[in-house]
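# Fold and contact review
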Amino acid sequence: MFKNNPTLRYISHRAAWYFLTFLVAVTINFFLPRLGTANPVDIIMGKVGTGLDTEAAKDKEESYLKEFGLVEVNDQGELLRDEAGKPVKTSNIKQFGRYLVMCFQGDLGTSFLNYPKKVTEIIKDALPWTLALQIPTIIFGWIVGNLLGALAAYRRGVFDRIFFPVALAISSIPFFAFGMLLVYVFAINLGWFPAMGGYAGDLIPSFSLTFFKSAAYFYVLPFLSIFLILAGGQAIGMRSMGIYELGTDYIKCAKWFGIKENKVLMYLFRNAMLPQLTGLALSLGSMIGGALITEMIFSYPGLGMAILTAVQGNDYPLIQGCTLLVTVSVLIANFTVDILIGFLDPRVRAGNQMGGK
Amino acid sequence: MSTFEVENLSLHYLTRFGQKIPAVSDVSFTMKQGEILGIAGESGCGKSTLVNGLMGLFIPPLYPTSGDVRVSGESLMNRSPADIRQNILGRKVSMIPQGAFNALNPTRRVKDIAADMISSHEQGGNKKEINERLRSRFDLFGMDTEKILNSFPIQLTAGERQRSVIGIATLLNPQMVIADEPTSALDVTTQKSVIRMIFDLLDKKVFSTMIFITHELPLLRHVADNIAIMYAGEFVEKGTAEQIVFDPRHPYTKALMGAMLSAEEGQRQKKPTAIEGAPPSLANLPHGCRFAARCPMVRPECKQNKQEIRIVGGRQVRCDYAV
Amino acid sequence: MKLLMNLLKSPSFLLGAGLFFLTILFAVVGPLVYHIDLNTTAGSYLPPDSQFRLGTDNLGRDVIAMLISGLRSSLYVGFLAGTIATVVGTFLGVYAGFKGGWIDDIINLVTNLFLVIPTFVVLILISSSLKDGRSLTLIGLIIGMTTWTWSARAVRAQSASLKSRDHIALARINGAGTFTILVKHILPYIASYVFMVFILQVASGILSEASISMIGLGPYETVSLGTILNDAMRNEALGDGVWWAFMPATAIITMIVFALYVINTSMEGVFNPRLRK
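Residues numbered from 1 in each chain as written. Chains lettered and ligands numbered in written order. Predicted model: local features only at pLDDT ≥ 70, side-chain atom pairs only at ≥ 80, totals over all residues.

## Examining the overall build of chain C
Assigned secondary structure in chain C consists of 11 helices and 0 strands. What you see in chain C, going N to C, is helices and strands ordered as α-α-α-α-α-α-α-α-α-α-α. Dimensions of chain C along its principal axes, counting C-alpha atoms only, are 75 × 45 × 30 Å. Per-residue burial over chain C gives 51% buried out of 277 residues. (Helix = DSSP H or I, 4+ residues; strand = E, 2+ residues; numbered from the N terminus. Buried ≥ 20, exposed ≤ 12 C-beta atoms within 10 Å, placed from the backbone.)

And the structure:
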C-alpha cells in the first residue's frame, strides 16, 4: 500500500518523526526542572508546615514524599527506610518511569498550590479558553496576512507603499507590547473594552447566550493584539515571496503565452503559499509562546494564566503539566501543517518529497 | 499577402527622468509563409526589446516611437493590453523564451499548463475534448506523449522540457513564432532534435513563420532562410543565410564572422579575431554610424553621416561604404 | 566596501541603525549624564513631575533610573544570547551543510527536534528550576543555548549551496583540510548572511529575556526591562492606569526590536537585489 501512495509514505514518515520528538520533549519536560536543587516538598512544607510540632511535621513531610513518588515504598505502602531511619529516595530514573506511566494514564500529578486539585483538572478548565483564542487567531491571521501580502506584491504602487511600512512596523512589535498598548488605549483610556479576564466577573461559565456575549466582548482585545501582529508578519513574508515569484521565468512565460491574469495570479499564490506554510510551521512555537504571554497580560483564563500562577507559586506539577501540554499542542499543530503541505504540494503527491522540511 | 510585416519600427524606453532611450531604430522586414528569419547580434543590441515590440507587448517603460507591426494584415499598434493578451499572445504571435527549462510552472503538470493556454484564449470545450486535442498535438512531437503530458516539469529532461514549451507555444497554431535562443543551453544532440522538431512543425503548418534569435551565426546558416544582423538597435545587414554567412558586406557582419569559430568548409582555416571596444550606450548614441567607433574600415565621414539602408550585393546593408 | 556604501544609502537602514544607536547611547551615556540612584525611594507610583520625569515605580524608585539600568541589563543579555546562539548555530550549520552525509543528518535531526519544541517552554522549565542562581549572564547563556537552532538551520542551507561551487573544489584539490576550507572559503561568502542572522538573534534574545523576566523567571535582584514589566504586572499597574510603570519599558523594548528588524530588512534589500524594485 505504502509504495503506491507517496502522500501516505510522506505522512507516516512525518508521524514517526513527530513521535520521536514527542519522546524527547517528554524527557526534557521531566528532567529539566530537576536540574536545580529545589525540592518541591520543602516548598509545600514551607506553606503547610508552620505551626506543627516536629513529629507531626515529619509525618506530614513523609506523607507528601510518598504522595509525590519521591521515596520508595514497599507493597503495603509503607516507606522503606535506610539504616538511619530516613526514607529512601527514589532515583530519578524510577521517578521518570513512574511519570511516563502516569502520563499515559492521563494523570499529570497533583497541583501544589491548589492541593488537592489534580493538574489535569486545572488544565481542563484553562485549555478551552486558550484554544478558543489561539486557533482562530492563527488561522485567520495567516489567511488574511497572506492575502494582503499577495495583493501588495501584485499591485505595488500606492497601496504597497503605504501598506509595507505599516505592516513592517506592526509585525515588529512584540506580542506583549502590543497587548499592553491596546489595553492602555482601548481599555483604560477609552473604556471601550475590558482590560482583564475572559468574561464578566459576576458570571459563571455556562452555555448561555449571556455568557457567550460577555466572553465575546472580552475576546476582542486579546484577539486583536495577536491577530494584527500575526497578519502583519505573514503579509511581509508573502509580499517578499510574491515579488520573488513575479520575477520568475515561469510567470513571465505564462504572461507571454497570453494566459489569463486570474490564472497567473493563481500560479503565483499557490506557489508562494507553500514556503509560507513551511514558515508557519517553523514559527508556530514562538507564535503560541507569544500568545500565551498575551493571555497573561489580559489575565485571560487560559493556559497562559495557569502557567503564570504556577511559576509564581513554584507549583512544579502544574508548570510541568502545562509545558507538556503546550509542547504537545505545538507538535500537533506542526504535524497538521505538514500534512496540509503534503496534500497541497503536488510535487509531494508525485513522490518528490519536496514538502515539509 | 505577407504573414508578418514590420515597417520602420522604432521603440524607446522612458526613464524616470523623462529621458527617451531609443532601444530599436527603424527596423523593417516582411516574412512569407514558411519563412524562418534569423536575427543575430551581441548582447544588448536590442534583440529582447525588439521581441517585445514584435508581440505588441508595449509595457511601460517601453513605448513605440513610430512604425507598424502587422500579422496577416492586422496591426499590433494602439491596442489595449487585454486585447493583446487575448487575441495576439499565444494565438497569433507566440514566443518560446530563453531558458525554457524554467519557463513552466514547477507545481503544475504539462497537460494542465497546456489546458490553461487553451482556456485563456478560447471559450468552451470540455475536458475530454481538450485532452484529446492535447494528445493528438503532442503525438506529433515524437516523445512519450502520456508521460510528458502527465509529468511535472522537473520530472522531464531539459530537451523534453524545451520541446514541451515549443508544443505549448504553438498549440493554437500561431502565425508567427519567435524563438529566443531556443538551443543555447542544450547539448548538441538535443539541439538537433529541437531543430528537427521546429522544421517538422513548420512543415506540418502548425505555425507559419518563425524568427530565430541567437548569437550563433553558424547555427543560423542551417536553420534560417534569411538572416538579419542587429547592432545598437538597428538592422545593419539583412540577406539570405548564404549571403550573410559566406559573403558578408557590412563591416560589423564581417567582423562577427571573423570572430566565429566554425567547422564549416572554407571557414576552418580562418583565425578568429575579436572585435575591440563595446557597443555604444543606447542613452548616448553617436550622430553618425553607430559602429564607427569600432569599425576597421572607418572614415571621417562615417562619424558625421547617419547611415541609411542601401542594396549591396543583392541584400540590404546599412553602410555608405560597403561593397 | 561597496556594500557598506549601498547600505548607508538606504533610508530604512539609516532609520534602523539610527534608532538602535540612540538606544545604545541612552544605555551607555545615560549613567554618566543622569544620576542613577536605585536606593532612594520616594512615594510609590508617583506620577511624572519635575523631579521624576517619568514618575516612580511601585517601590518609589525613579523610573528613568530603572529604565537605564534595565536597558543595560537587557542589552547585555540580548547580545550575549545572540552571540552564543549565532556562534554555535553557525559552527554547526556550516559544518553540517558542508559535510553532508550522516553528519548532516544527525545535526539536522537534533536541530529540527529543538526547532519544533517551543523555546519558551524550555526556558520556563530551566529557569524555574534555578530558583536562586539566576544571574544576567546565566540567563543570557541559557537563552543562547536554546535558540541556536534557528541560525543553524539558516546557515546550513547557505553552506550546503556553497559547497558545490568551483572554488571549493579547487581548494579540495589543493589538499585543504575541512577546517581551512570552512574558514577561508565558505565563511567569507556567508559573512554578510551570518551578520544578518546575528542581528535577528540579538533581537530574539532581548525579547526572550523580556518574556522570561516578565513572568517572574528573570534575573534575581538585577533590574532588567523584563523585570520592570513583571513588577508592573504584579502590582496591577496595568489595570490602574499607571502607564509610566510599563509603557516606557515596553516602548524601549519595541523600539530596539523594531530597529533591529529594520536593519535586517534593509540589509536583506541590499544583499539580495531582487527584492529591491
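From this point, the discussion proceeds with the structure in view.
## Focus: the pairing of strand E7 (residues 176–180) of chain B
Residue and element names in this part refer to chain B. Burial within E7 is extensive, with 5 of its 5 residues counted as buried. Alignment of strand E6 (residues 93–96) against E7, held across 4 bridges, turns out to be parallel. From the neighbouring strand, Val-93 faces E7, where its bridge partner is Met-176. With 5 bridges connecting them, E7 and strand E8 (residues 209–214) associate as parallel partners. By the bridge assignment, Asp-180 is partnered in E8 with Ile-213. Viewed along the sheet, the connection from E7 through helix H7 (residues 188–203) into E8 turns out right-handed. (Pairing = 2+ DSSP bridges. Right-handed = clockwise from strand over helix to strand, strands pointing away.)

## What to know about the interface of chain C and chain A
The partner chain A presents 46 residues to the 38 residues of chain C that form the contact. Counting residues per element, the ones that place at least two in the side of chain C that touches chain A are helix H4 (101–116), helix H5 (119–129), helix H8 (178–214), helix H10 (237–240) and helix H11 (247–271) of chain C. In terms of residue count, H5 of chain C provides more of the side of chain C that touches chain A than any other element does, 9 residues in total. Within the side of chain C that touches chain A, the residues separate by chemical class into 25 nonpolar, 11 polar and 2 charged. (Contact = placed C-beta atoms within 7 Å. Nonpolar A, V, L, I, M, F, W, Y, C, P; charged D, E, K, R; others polar.)

## Some details on the nonpolar core
Within soluble globular proteins, side chains that are nonpolar tend to cluster in buried spots. Counting residues in each nonpolar core, the largest one holds 249 residues, and the members touching the most others are Ile-307 of chain A, Ile-229 of chain B together with Leu-260 of chain C. Top contributing element to this core by residue count: helix H3 (residues 63–99) of chain C, with 19 residues. The contacts of Leu-260 of chain C, once residues within four sequence positions are left out, are Phe-20, Ile-199, Val-202 and Ala-203 of chain C. (Core = buried A, V, L, I, M, F, W, Y, C linked by C-beta atoms within 7 Å.)

## A word on the environment of Phe-298 of chain A
All names here are of chain A. Among the secondary structure elements, Phe-298 is positioned in the loop between helix H10 (261–297) and helix H11 (303–312). Residue Phe-298 is classed as buried on the basis of its C-beta count, with 29 C-beta atoms lying within 10 Å. Along the primary structure Phe-298 and Pro-222 are separated by 76 residues, whereas in three dimensions their C-alpha atoms are 6.9 Å apart. Setting aside anything within four residues of it in sequence, one finds Phe-298 in contact with Gly-179, Met-196, Leu-221 and Pro-222.

## Here's the deal with the arrangement of the chains
The top pair by number of contacts, from a total of 2 pairs of chains in contact, is chains A and C. Contact between chain B and chain C is absent, and the least distance between their C-alpha atoms amounts to 13 Å.

## Topic: the sheet that holds strand E4 (residues 62–71) of chain B
All names here are of chain B. Strand order in the open sheet formed by 4 strands is E2-E1-E4-E5, and the pairing between neighbours is antiparallel. Two strands lie at the open edges of the sheet, namely strand E2 (20–31) and strand E5 (74–75), each paired on one side alone. One ladder, built from 8 bridges, connects strand E1 (residues 4–14) with E4; its direction is antiparallel. Across the sheet, Glu-7 pairs through a bridge with Asp-68, a residue of E4.

## Re the sheet that holds E7 of chain B
Residues and elements named next belong to chain B. Reading across from one edge, E6-E7-E8-E3-E9-E10-E12-E11 is the order of the 8 strands in this open sheet, with mixed pairing throughout. Looking at strand neighbours, the two that pair on one side only are E6 and strand E11 (310–312), the edges of this open sheet. Direction aside, neighbouring strands of the sheet carry axes that sit 25 degrees apart on average. By the bridge criterion, 5 bridges tie strand E3 (residues 36–40) to E8 in an arrangement that is parallel. Within the sheet, the bridge partner assigned to Gly-38 lies in E8 and is Phe-212. In the packing of helix H10 (residues 251–258) onto the sheet, the strands contacted are strand E9 (226–231) and strand E10 (234–240), and the crossing angle to E9 comes to about 100 degrees. (Axes fitted to C-alpha atoms, helices over the stretch in contact; angles between N-to-C directions.)

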